[in-house]
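Descriptive analysis of the structure
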Amino acid sequence: MSFKIVILGSGAGSNAKAILEAEKKGKLGLAKTLALISDNEEAPILDLASQYEKDGHGISCNPHKAKLSQNERDFFINKVKYYNPNLVILAGFMKILDSTFIDALNGRIINLHPSLLPSFPGIDSIKKAFVSGAKITGCTVHWVTPELDAGPIIDQMAVPIAPEDSINSLTEKVHRAEHSLLPSIIKKISLGEILMP
Ligand code: GAR
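Residues numbered from 1 in each chain as written. Predicted model: local features only at pLDDT ≥ 70, side-chain atom pairs only at ≥ 80, totals over all residues. Heavy atoms only, no water.

Around the ligand sit Ala12, Gly13, Ser14, Asn15, Gly92, Met94, Leu112, His113, Pro114, His175 and Glu178, and those are all the residues in its vicinity. Between the ligand and the protein, one listed contact pairs an oxygen atom with a side-chain N or O atom of Ser14 at 2.5 Å. Residue Asn15 places a side-chain N or O atom 2.8 Å away from an oxygen atom belonging to the ligand. Calculation on the ligand without its partners gives an accessible area of 450 Å², and the protein chains cover 86% of this total. Put simply, the parts of the chain that give the shell around the ligand at least two residues each are α1 (14–24), β5 (109–113) and α6 (167–190). Within the shell around the ligand, the residues separate by chemical class into 4 nonpolar, 6 polar and 1 charged. (Near = heavy atom within 4 Å. Polar contact = N/O pair within 3.5 Å; in protein donor to acceptor, adjacent residues only side chain to side chain. Areas by Shrake-Rupley, 256 points an atom, 1.4 Å probe, with all protein chains shown as cover. Helix = DSSP H or I, 4+ residues; strand = E, 2+ residues; numbered from the N terminus. Nonpolar A, V, L, I, M, F, W, Y, C, P; charged D, E, K, R; others polar.)

Laid out in structure tokens, this is it:
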């Protein structure tokens, strides 16, 4: 029995890569990635599809809008639903999803965010934490709801901000935490150790 997942991402794909590596090493529980889908046809995340022998789809979307248009949204829903996934993973997916999208997937969508929510929602969260003078930041995985970065928190990993940190070094630390947290949560959900909504 496998637990089907689809990954949505917009950019570099380092978190998608961490998921795919965990899967390759047998460390993703019952989870099996079926496809990587991006709102940016040029996104490096799509290169991972061929590297890991998965389906990859780039859907051309307006890069200047935070939300998907109705057409873009319906296209996404159809593509994702084709795979009938048990869970959809937002791994660096930078579009805001509305309730139609979330309901179409029965709320089975998790998002990775680079801060300790509810602090620093939205964009540039690592930079916002850095300039705020906070002594600690981190990353969060939460269930997706129509309210941005505000769904129920599944788990978090803290990252201390050291006096000698720069934005670059802090970004590296947060990414390292993300690469450990996200696959571990997918594994637990696939094994029923974290319950679906
Ligand atoms: C990650 O840091 C993720 O938390 C963030 O985008 C980055 C994607 O990196 N997501 C958000 O900010 C969502 N609001 P990646 O493409 O290398 O995985």
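In this section: a nonpolar patch on the surface. Residues Met1, Leu30 and Leu191 make up a contiguous nonpolar surface patch of roughly 340 Å² in combined accessible area. Considering the arrangement of structural elements, one finds Met1 in the segment before β1 (3–9). Judged by its relative accessible area of 88%, Met1 falls in the exposed class. (Patch = residues over 30% accessible without salt bridge, like charges linked within 9 Å, V, L, I, M, F, W, Y side chains within 5 Å. Salt bridge = Lys/Arg side-chain N within 4 Å of Asp/Glu carboxyl O. Buried < 20%, exposed > 50% of the residue type's maximum accessible area, 1.4 Å probe, protein only.)

All right, on to the packing of α1 against α6 then. Packing of α1 against α6 brings their axes to within 9 Å, and their N-to-C directions diverge by 50 degrees. Relative to α6, α1 is oriented oblique. Two packed elements cross with a definite hand, and for α1 against α6 that hand is right-handed. Packed against α1, whose contacting residues are Ser14, Asn15, Ala18, Ile19 and Ala22, the element α6 presents Glu178, His179, Leu182, Pro183 and Ile186 at the interface. When the residues that make up the contact of α1 with α6 are grouped by side-chain class, the tally is 6 nonpolar, 3 polar and 1 charged. (Axes fitted to C-alpha atoms, helices over the stretch in contact; angles between N-to-C directions. Parallel < 35°, antiparallel > 145°, perpendicular 65-115°, else oblique. Left-handed = near helix turned anticlockwise from the far one by under 90°. Contact = heavy atoms within 4.5 Å.)

Going residue by residue along strand β4 (residues 87–90), you find Leu87 and Ile89 tucked away on one face and Val88 and Leu90 tucked away on the opposite face as well. Note that β4 and β5 share 3 bridges and pair parallel. Paired with Ile89 across the bridge in β5 is Ile110. (Pairing = 2+ DSSP bridges.)

Enumeration according to the criterion identifies 5 salt bridges in this entry. Residues Glu21 and Lys25 are paired through a salt bridge, measuring 3.6 Å at the closest nitrogen-oxygen approach. Taking relative accessible area as the criterion, Lys25 reaches 55% and is therefore assigned exposed. Within the structure, one salt-bridge network assembled from shared partners comprises Arg73, Asp74 and Asp98.

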